[in-house]
Amino acid sequence: MQEKKTRAGTEDFEKLISSNGYYVDKTRFLRPLLEDTGDVALFTRPRRFGKTLTMTMLRDFLKVDRETPGSTELQERLFKGLEVMGDRELCERFMGQHPVLFITLKDVAGENFADAVDRLADSVSAIANDFDFLQDSPELSEENKRVLGKLMNKDALLSEPTLGTLKSSLSSLATMLFKHFARQAVVLVDEYDVPLAKAQQMGYHKRMATFYSSFMSFLKLKNWDVGTRLSKKGPPIFKTVMTGCLRVAKNQIFTGANNFTPHTVLSKGFSSLFGFTPDEVEAYLGAFGLSDCMELARKNYDGYRIGASELFCPWDVSNFVITNNTHRSRPVLL
């Protein structure tokens, strides 16, 4: 078996697995995440706690093969040997079964509102271009395709005085994916709080909050519907999962959201979905011949308690492993 490698900072699940990176298995949470959370699930955790990696893991587990819908060839390769593969019933129901709309908002910031919107338009147009195959879909109307063409063109998005197409972009894309695949879409929003947090810092929060409430209006769609998630009937979105550092207050973005479930650092459920437990750290260190460093790692990198779980910061542990994997004779702290 090829020796595993440490990949601190790698936030993309497929890239991590394909490069033989060491992965702390969090796939045991896929069943409760898909079955036991509401239409909209929000997870707030500190920075560098593995939020993006977990979101891309969820994306790669669910995403449908655009050429052969229902094929699980990609998932069988990426998830081989991971815990979820022992849950065949879950895999048969969900693995490779949904179009996924993934967007990260970590770069949607600027010195003013216009700069922030410009960066959002960059992100949306890039995502829309990933779905350019929808231009040839017989399931989409000419109006759908016109909107898609505008979403693919950043300048067209920004040329609208009201920014209406940009505001409704996620709703539009999710609806188009639903129509094309006859399968409800899953929407994943990473670092959802960055645009509002940065706007607060730079003094344009009020304007951004008004805009952002419209941009997130897809949350108000009726999502969860087990009976229609793989058909042409029903709402276009099956589930929305969001991550961030903070639960944003004093705005209306969650007003009207159906079955909204927040999981903060004070919540007991999913407490170890992000971050490393002591057992996971011990296994990680052992995989790289550093078992004797567990107490040193605990002393310096332990200290988080979320819900009922004692946790380590993944970024710190991974960098500790990288550093000491090449300096075994004398443990080096970060």
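This one's a predicted model, so the numbers in the text were calculated from it and none came from an experiment.

**Student:** Provide a residue-level description of unusual backbone geometry, including the pertinent values.
**Tutor:** Most peptide bonds take the trans configuration, and most residues that are not glycine carry a negative phi. With a phi close to 60°, N20 is a non-glycine residue in the positive phi region. Take N20: it is sitting in the loop between α1 (13-18) and α2 (30-35). Judged by relative accessible area, which is 13%, N20 ranks as buried. Of note in the backbone geometry, A182 takes a positive phi value of approximately 55° without being a glycine. For A182, a relative accessible area of 17% corresponds to the buried category.

**Student:** Lay out empty space enclosed by the protein with the relevant residues and their values.
**Tutor:** Throughout the structure, instances matching the rule amount to two cavities of 30 Å³ or more. As a volume, the largest cavity reaches approximately 40 Å³. L33, F43, T54, M55, L58, V241, L273 and F274 together form the lining of the largest cavity. Ranked by residues supplied to the lining of the largest cavity, first place goes to helix α3 (residues 51-62) with three residues. Partitioning the lining of the largest cavity into residue classes produces seven nonpolar, one polar and no charged. Looking at the second largest cavity, its volume works out to about 30 Å³.

**Student:** So what's going on with the layout of surface pockets? Residues and values would help.
**Tutor:** If a probe as big as a water molecule is rolled over the atoms, it shows which places are left empty. Estimated volume of the largest pocket: approximately 740 Å³. E11, R48, F49, G50 and K51 are, among the 36 residues lining the largest pocket, the residues nearest its centre. Breaking the lining of the largest pocket down by element, the ones donating at least two residues are α3, α11 (194-202) and α15 (314-325). The element that contributes the greatest number of residues to the lining of the largest pocket is α3, accounting for five residues. Residues that form the lining of the largest pocket fall into these classes: 18 nonpolar, eight polar and 10 charged. Its volume calculated, the second largest pocket comes out at about 500 Å³. Residue assignment for the lining of the second largest pocket shows that the elements contributing at least two residues are α4 (73-78), β2 (100-104), α6 (113-130) and α10 (169-181). Among the elements that take part in the lining of the second largest pocket, β2 stands out by supplying five residues, more than any other.

**Student:** Account for the state of the cysteines, with residues named and values stated.
**Tutor:** Summed over the entire model, instances satisfying the criterion amount to zero disulfides. We note that C293 lacks a disulfide partner, and the nearest cysteine sulfur, in C313, lies 18 Å from it. Free cysteine: C313, not disulfide-bonded; nearest cysteine sulfur from C245 at 11 Å.

**Student:** Any details on the packing of aromatic side chains? Residues and values, ideally.
**Tutor:** Here the distance between the centres and the angle between the planes together describe a pair of aromatic rings. This model, assessed by the stated rule, comprises 18 aromatic pairs. Here the aromatic rings of F131 and F133 are separated by 6.3 Å at their centres, their planes lie at 75°, and the arrangement is edge-to-face. The pair formed by F131 and F133 is uniform in burial state, with each residue classed as buried. Here the basic side chain of R48 rests over the ring of W315, its NZ or CZ set 4.0 Å away from the ring centre.

**Student:** Tell me about α3, and name the residues and values.
**Tutor:** Compared with the 16 Å implied by 1.5 Å per residue over 12 residues, the 17 Å span of α3 between its first and last C-alpha is a close match. With respect to burial, α3 is a largely interior element, 12 of its 12 residues being buried. Taken residue by residue, α3 has K51, T52, L53, T54, M55, T56, M57, L58, R59, D60, F61 and L62 as its buried positions.

**Student:** Let's hear about the pattern of salt bridges: which residues, and what values?
**Tutor:** Inspection of every chain in the model, using the stated rule, returns 20 salt bridges. A salt bridge links K106 to E11, with the shortest nitrogen-to-oxygen separation between them at 3.2 Å. One end of the pair, K106, is in the loop between β2 and α6; the other, E11, is in the segment before α1, and 95 residues separate them in sequence. Using a relative accessible area of 38% as the deciding quantity, one classes K106 as partly exposed. For E11, a relative accessible area of 33% gives the class partly exposed.

Here is what the cut-offs are and how they apply
Residues numbered from 1 in each chain as written. Predicted model: local features only at pLDDT ≥ 70, side-chain atom pairs only at ≥ 80, totals over all residues. Heavy atoms only, no water. Helix = DSSP H or I, 4+ residues; strand = E, 2+ residues; numbered from the N terminus. Buried < 20%, exposed > 50% of the residue type's maximum accessible area, 1.4 Å probe, protein only. 1 Å grid on protein atoms, 1.4 Å probe; cavity = no way out; pocket = protein on both sides within 12 Å on 5 of 7 lines; lining within 4 Å. Points joined across faces, edges and corners; volume = space filled by probe spheres on them. Nonpolar A, V, L, I, M, F, W, Y, C, P; charged D, E, K, R; others polar. Disulfide = S-S within 2.5 Å. Phe/Tyr/Trp six-rings, centres within 6.5 Å; stacked < 30°, edge-to-face > 60°. Lys NZ or Arg CZ within 6 Å of the ring centre and 35° of its normal. Expected span 1.5 Å × (residues − 1). Salt bridge = Lys/Arg side-chain N within 4 Å of Asp/Glu carboxyl O.

Purely spatial values, then, with no claim about function.
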